[in-house]
Structure formats: structure tokens, C-alpha cells
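# Understanding the architecture of this molecule
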Amino acid sequence: MIKKILIVFIVAFVIIQFFRPKKNIAAGEQPNHISKLYNVPDSVKTIFTKACNDCHSNNTNYPWYNNIQPVAWWLNKHVIDGKRHFNVDEFSTYSIAKQYKKMKECIDELKEGEMPLTSYTLIHRDAILNNAEKQTLINWCTSIRDSLKAKYPADSLVMPKRK
Ligand code: HEC
């Protein structure tokens, strides 16, 4: 009995290896990157690259274990979900109100220590942000919010209510 279960398990494991999610890899410079609208200093770029971009950009730097199922499905879910919420490579397509809101969400996530996800920092130890790095990002997000506030009337910063 145990042998049979084991065989079924191994066969299933082999079969699922053939079903791979499409990788999140976009070629070339991204035309809608946040830097097209706002200055992104190197200090901020470095933090985004090591701690956020794998799930919040059009390019994921995949680890070797992404070649194993069901791991790849699980990672892929994070990337799709992460990008849907916030994508630095699509940022310039966001409405003013959405940009304003996303920067607020970034600040909140950093303050609460919710991002990067714990499941990510367990392996990507260098993505654990120290207080200075968090503050650098928070200050930068705040400066974008301030510049939006200075430039646009207050009602254009409010997201329209969902109908
Ligand atoms: C391992 C993947 C991963 C990494 C790395 C990651 N995120 Fe996320 N992020 C997600 C996922 C998945 C969601 C959506 C679900 C959730 O909110 O937990 C999300 C949601 C968000 C949101 C939207 C929150 C909201 O209120 O809707 C923001 C903003 C965000 N992340 C910012 C960041 C920043 C900034 C970093 C880097 C410091 C980062 N994330 C790193 C996966 C990731």
C-alpha cells in the first residue's frame, strides 16, 4: 500500500514538472517605469532592486528552485499578486490619485514591516531592510506625495469610489 502511494506521488510529481507558469521577464528598458516621472536616487534604486522588484516590477530575478513544481506556482502567485497591487514598471500609467495612494501604501507597508514578505526575506536575507533603509524609502515616497500635493488640486488626489 505504502509503495503504491509513493509511486502515485512520484508520478504526479514528475507530471507537474511539465506545467510551468510563464516567467515574469520583460526585455529592455521599461517605458512606464516610475523613474520616467520621478527622480529615483541610487540609494532608493538599490533598495527597490534587492527588496521589492522581484514581486513589483516586470522583471523577476528567479532563484534556482523556481525550476521545481509546485514551488514555481507558489512564487508566481506572489509575483502576479504583487504586481497587481503595485508595479514600478507601470507606475507612470497610474492616475494621479492612484500614484498618491500607492506611495501611501508603500509607507504603511514599510512602517508595519509587512514588506518585503517574510517568506521572501527567509531566503533573501539581504532584502531585510534596516531602519535607515526603510527611512530612505519612506522619505522618498513622502517626497513624491508632497510633490503631487503641491502640483494637483486636492480632489484629484482622491481615488474615485468604486461603483
Ligand atoms: C515576495 C514578493 C514580494 C516582495 C519582495 C515585496 N512585495 Fe509588496 N506585495 C506582495 C504581494 C503578494 C502583495 C499583495 C498582497 C498583500 O498585500 O500582502 C504586495 C502588496 C504590496 C503593496 C500594496 C499594499 C496594499 O495595501 O494593497 C505595496 C505598496 C507593496 N507591496 C510594497 C512593497 C515594497 C515597497 C517592497 C519592498 C520593500 C515590497 N512590496 C516587496 C509581494 C511582495
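Residues numbered from 1 in each chain as written. Predicted model: local features only at pLDDT ≥ 70, side-chain atom pairs only at ≥ 80, totals over all residues. Heavy atoms only, no water.

### Considerations on the site of the ligand
Applied cut-off: When we say a residue is near a molecule or strand, we mean one of its heavy atoms is within 4 Å of it. Residues adjacent in sequence count toward polar contacts only when both atoms are side-chain atoms; beyond that, a polar contact is any pair of N or O atoms within 3.5 Å, and within protein one must be able to donate a hydrogen and the other to accept it. Secondary structure elements follow DSSP: runs of H or I of four or more residues count as helices, runs of E of two or more count as strands, with numbering from the N terminus. Ten residues, namely Ala, Val, Leu, Ile, Met, Phe, Trp, Tyr, Cys and Pro, are considered nonpolar, four, namely Asp, Glu, Lys and Arg, are considered charged, and the remaining ones, Gly among them, are considered polar.
Around the ligand there are 18 residues in total, and Cys52, Cys55, His56, His85 and Met115 lie nearest to it. Between the ligand and the protein, one listed contact pairs a nitrogen atom with a side-chain N or O atom of His56 at 2.7 Å. Glu105 is positioned such that a nitrogen or oxygen atom in its side chain is 3.4 Å from an oxygen atom of the ligand. Of all the secondary structure elements, the ones that give two or more residues to the shell around the ligand are α3 (53-56), α4 (71-85) and α5 (96-112). Of the residues that constitute the shell around the ligand, the class distribution is 11 nonpolar, 4 polar and 3 charged.

### Regarding the nonpolar core
Our working definition: Here, the term nonpolar core denotes a set of buried Ala, Val, Leu, Ile, Met, Phe, Trp, Tyr and Cys residues that are joined through side-chain atoms within 4.5 Å. Exposure categories follow from relative accessible area, calculated using a 1.4 Å probe and restricted to protein chains: below 20% of the type maximum is buried, above 50% is exposed, and the middle band is partly exposed. Contacts are assigned to residue pairs that have any heavy atoms within 4.5 Å of one another.
Core analysis: the biggest nonpolar cluster contains 27 residues, and Ile34, Phe48, Phe86, Phe91, Met103, Leu137 and Trp140 have the highest contact counts within it. Contributions of two or more residues to this core are made by α2 (42-51), α5 and α7 (131-151). For this core, the element with the highest residue contribution is α7, accounting for 6 residues. Once residues within four sequence positions are removed from consideration, Met103 is found in contact with Ile34, Phe86, Phe91, Trp140, Cys141, Ile144 and Arg145.

### Looking at the packing of aromatic side chains
Selection criterion: Working definition: rings of Phe, Tyr and Trp (its six-membered ring) pair if their centres are within 6.5 Å, and the pair is stacked with planes under 30 degrees apart, edge-to-face with planes over 60 apart, and tilted otherwise. Criterion for a charge above a ring: Lys NZ or Arg CZ within 6 Å of the ring centre, and within 35 degrees of the ring normal.
A full pass over the atoms with the stated rule returns 6 aromatic pairs. Their ring planes at 75° and their centres at 5.7 Å tell us that Phe48 and Trp140 sit as a pair that is edge-to-face. Taken as a pair, Phe48 in helix α2 and Trp140 in helix α7 lie far apart in primary sequence, 92 residues in all. Pairing Phe91 with Tyr94 gives two aromatic rings, centres 5.2 Å apart and planes at 55°, and the pair type is tilted. Positioned above the aromatic ring of Tyr94 is the side chain of Lys98, whose terminal nitrogen or guanidinium carbon lies 4.3 Å from the ring centre. Stacked on the ring of Tyr100, the Lys or Arg Arg145 has its end atom at 3.9 Å from the ring centre.

### Remarks on the coordination of the iron atom of the ligand
Here is the rule we go by: Donor atoms: N, O and S within 2.8 Å of the metal, or within 3.2 Å for Na, K and Ca. Because water is excluded, sites can look incomplete.
Binding of the iron atom of the ligand to the protein goes through His56 (NE2) and Met115 (SD), at separations of 2.0 to 2.3 Å. By relative accessible area, which is 12% here, His56 ends up buried. According to the relative accessible area criterion, Met115 is partly exposed, its value standing at 30%.

### Quick notes on the pattern of salt bridges
Here is the rule we go by: Think of a salt bridge as a Lys or Arg side-chain nitrogen and an Asp or Glu carboxyl oxygen that are within 4 Å of each other.
Across all of its chains, the model carries 7 salt bridges by this definition. Across the pair Asp108 and Lys104 runs a salt bridge, and its minimum N-O distance is 3.0 Å. You can see Asp108 and its partner Lys104 sitting in helix α5, 4 residues apart, about one turn around the helix. The class for Asp108 is partly exposed, based on a relative accessible area of 26%. By relative accessible area, Lys104 is classed as partly exposed at 37%. Salt bridges sharing common partners tie together Lys101, Lys102 and Glu105.

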